[in-house]
Amino acid sequence: MTATTATVELPRRPAAAARAWRLVRRHLLDVYALLALAYLFLPIGVVVAFSFNNPLGRFNFTWQGFTLRNWAHPLDYPGLGSAIQVSLEIAFLSSLVATVLGTMIALALVRYRFRGSGATNLLIFVPMTTPEIVMGASLLTLFLNWRIPQGFGTILIAHVMFNISYVVVTVRARLVGFDRHLEEAAMDLGANELVTFWRVTLPLIAPGILAAALLAFALSIDDFVITYFNAGTTTTFPLFVWGAARVAVPPQINVIGTAIFVIAIAAMLANVLLQSRRARRA
Amino acid sequence: MDVQGRSLTPRRLPLGTRPYALLAPGTAWLLLFFVVPMVYLAKMALSQGLFPLFRFDWAWSNFTDSVSAYRTQLVRSLEYAGIATAVALAISYPLAYWIAFRGGRWKNLLLLLVIAPFFVTYLIRTLAWETILSDGGLVVSILRDIHVLGPDGRLLATSAAVIAGITYNFLPFMVLPLYVSLEQIDPRLVEAAGDLYANRVVSFARVTLPLSLPGVFAGVLLTFIPAVGDFINAQLLGTPKQYMIGNVVQSQFLSLRNYPTAAALSFVLMGAILVLVLVFARALGTDRLTAGAAP
């Protein structure tokens, strides 16, 4: 580069450099965020892709060829169907019980000032910060001591236990922003307490309760560690996958994983849409 | 709110007992199936004997014996979980920042996108990483071609694979609290810093970052705790050379049926977590945390 061109370009160069630097700086974060999202979805892409794989051996780790057979026969593997059924039953029952119990606790914590509320908060908080393996191990010890045979019942007990805290936290977030004048208005118009609760309070906090129930359902259906310690001979879907990972990984597992994923996303989208429509109407 | 609450609930149950009636079933469940089991686990940690006959006799030596026997796995767990938490923070903070400040009307949808991958069952996600990192996979062959890995180099069965798996699997626990605290920040505060001649770096360091510290604290906690007790990633993506304390507890409980050792290790794990959390809280500054939490 000669001295003359340098002198000609000198006034412009800082501006160009600054503009380029500004461009990089403005889009650096965008690029980083998009890369992070790509990273998040990479394994999901693999799961979905391999649900269409036609594996040669017992393991579904290398791409062999495209087939729709796995999707046509999603339960065509011994034990898979019953494992899914057990998972769905436990997820349904545990989220139902935990949502009722957790909503009651949230109502008590937000609406009343009482002796022992600090201790209750602690009791809600500690299970969420305890490693799953410790909870699983302690429940196993309990059932052993009380000579309770492990199976469907003990899994259900465990799932309700770890779900309660999440329900309380979710419903409480909704209750804190609640306008109590609406209840007072209902009472002024002659509604008794029970009618007020059913017709005013419950519909208003329903989105929070629904979100809590969905969260509990998702946590239950995905739980492995605590279930593993307390299942006895009962097999849930995650336990089935764990067992399969040692001997053979059928592509049907990917089919079910993809299906759960799609259903969960649909449910969450529906909840988001429902809430935004409610907000618009209000 | 309390006064209003009392004013509209005059009949039936006496007021004082009403919250307790609401609390009773749920807290009873937690007491019976969370607190009581912990007591039994503590008793087991101080017991001796062979399955199924364990005898409680204040066997404190269980703690010292199990720690000296499994120190490697214990240290490794803290190390893996620490690295995974740091990497998760490095990935999540810019992502959460981007959604909170650049997301606009797409915020909720973007957040849904971030959580969505975690609706694929945990174990299936980890198996997918096994596929991605496998010896015949694309990642390994590219890394071999550019000589980052030797011709026989592997990704599976290494510490890196286990840490990568842990980082990935607990990412939402980091992103969500970060997002919540970043989203609450009033953008006018950042603007004000700019008006007062702070450049973008300074206004981030002096305004945005301190205000987001509660989210950092919550995210680190919620990621580190499940990470340090994890055994699935080490089992599926590693070998016994990468086993963590969770693998030990799991096999001691479910295969070897050496309950006292496993119970003692569980409490050592919880104690280590508690100490680290307290140290971390002190390092971040609890007063600054509460100051940041106030709107």
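Note: the structure precedes this text.
Below, the structure is looked at part by part. (Residues numbered from 1 in each chain as written. Chains lettered and ligands numbered in written order. Predicted model: local features only at pLDDT ≥ 70, side-chain atom pairs only at ≥ 80, totals over all residues. Heavy atoms only, no water.)

Once that is clear, we can look at the packing of helix H10 (residues 187-195) of chain B against helix H11 (residues 200-228) of chain B. Residues and elements named next belong to chain B. At a minimum axis distance of 9 Å, the contact between H10 and H11 shows a crossing angle of 160 degrees. The angle between the axes of H10 and H11 places the two elements in the roughly antiparallel class. You can see that H10 and H11 cross each other, and the crossing is right-handed. Along its contact with H10, which presents Leu 189, Val 190 and Ala 193, the element H11 presents Ser 203, Val 207, Thr 208 and Leu 211. Here the residues of the contact of H10 with H11 are counted per class, giving 5 nonpolar, 2 polar and no charged. (Axes fitted to C-alpha atoms, helices over the stretch in contact; angles between N-to-C directions. Helix = DSSP H or I, 4+ residues; strand = E, 2+ residues; numbered from the N terminus. Parallel < 35°, antiparallel > 145°, perpendicular 65-115°, else oblique. Left-handed = near helix turned anticlockwise from the far one by under 90°. Contact = heavy atoms within 4.5 Å. Nonpolar A, V, L, I, M, F, W, Y, C, P; charged D, E, K, R; others polar.)

Another aspect to go through is the side chain of Lys107(B). Residue and element names in this part refer to chain B. For Lys 107, the position within the fold is in helix H5 (residues 107-115). Polar contacts involving the side chain of Lys 107 include one to the side chain of Glu 183, which spans 3.0 Å. Setting aside chain neighbours within four positions, we find Lys 107 in contact with Ile 99, Ala 100, Tyr 179 and Glu 183. (Polar contact = N/O pair within 3.5 Å; in protein donor to acceptor, adjacent residues only side chain to side chain.)

It is worth spelling out the environment of Val169(A) at this point. Residues and elements named next belong to chain A. With respect to the helices, strands and loops of the structure, Val 169 is situated in helix H7 (residues 152-176). Judged by its relative accessible area of 35%, Val 169 is partly exposed. With 44 residues separating them along the chain, Val 169 and Phe 125 place their C-alpha atoms 9.0 Å apart. (Buried < 20%, exposed > 50% of the residue type's maximum accessible area, 1.4 Å probe, protein only.)

The next thing to look at is the interface of chain B and chain A. The accessible area lost on association of the parts is a frequent measure of interface size. The partner chain A presents 85 residues to the 82 residues of chain B that form the contact. Interface area, chain B with chain A, both sides summed: about 8,200 Å², of which 79% is carbon and sulfur. The largest contributions to the chain B side of the interface with chain A come from Trp29(B), Leu30(B) and Phe119(B), which together make up 9% of the buried area. At the junction of chain B and chain A, the tally comes to 2 salt bridges. When the shortest N-O distance is used, the salt bridge between Glu193(A) and Arg18(B) registers 2.8 Å. (Buried area = accessible area lost by both parts, 1.4 Å probe. Salt bridge = Lys/Arg side-chain N within 4 Å of Asp/Glu carboxyl O.)

Residue and element names in this part refer to chain B. Note: strand E1 (residues 47-50) against strand E2 (residues 53-56), 4 bridges, orientation antiparallel. If you follow Gly 49 over to E2, its bridge partner there is Phe 54. Connecting E1 to the antiparallel partner E2 that follows it, the hairpin turn spans 2 residues. (Pairing = 2+ DSSP bridges.)

The next point concerns the nonpolar core. Within the largest apolar cluster, 155 residues are counted, with the highest numbers of intra-cluster contacts made by Leu95(B), Ile232(B) and Phe253(B). For this core, the element with the most residues is helix H4 (residues 80-111) of chain A, which contributes 13 residues. Two domains each put at least three residues into this core: domain 1 (1-43) and domain 2 (78-249) of chain A. In contact with Leu95(B), not counting residues within four places along its chain, are Ala33(A), Ala36(A), Leu37(A), Leu40(A) and Val114(B). (Core = buried A, V, L, I, M, F, W, Y, C linked by side-chain atoms within 4.5 Å. Domains from an automatic or database assignment.)

Let us look at the environment of Val220(B). Residues and elements named next belong to chain B. Its location among the elements puts Val 220 in helix H11. Overall, the relative accessible area of 14% leaves Val 220 in the buried class. Between the C-alpha atoms of Val 220 and Arg 71, which are 149 residues apart in sequence, the distance is 24 Å. Residues within four places of Val 220 in sequence aside, it is in contact with Thr 85, Met 174 and Phe 280.

What follows is about the packing of aromatic side chains. One pass over the structure, following the stated rule, counts 31 aromatic pairs over all chains. With centroids separated by 5.7 Å and ring planes inclined at 80 degrees, the aromatic side chains of Phe229(A) and Phe253(B) adopt a geometry described as edge-to-face. Within this pair, whereas Phe229(A) is found in helix H10 (residues 225-230), its partner Phe253(B) is found in helix H13 (residues 245-254), the two belonging to separate chains. Given a relative accessible area of 1%, Phe229(A) falls into the buried group. The interplanar angle of 35 degrees and the centroid separation of 6.3 Å between the aromatic rings of Phe170(B) and Phe173(B) together place this pair among those described as tilted. Phe170(B) sits in the buried class, given a relative accessible area of 6%. (Phe/Tyr/Trp six-rings, centres within 6.5 Å; stacked < 30°, edge-to-face > 60°.)

That's the geometry; what it means functionally is another story.
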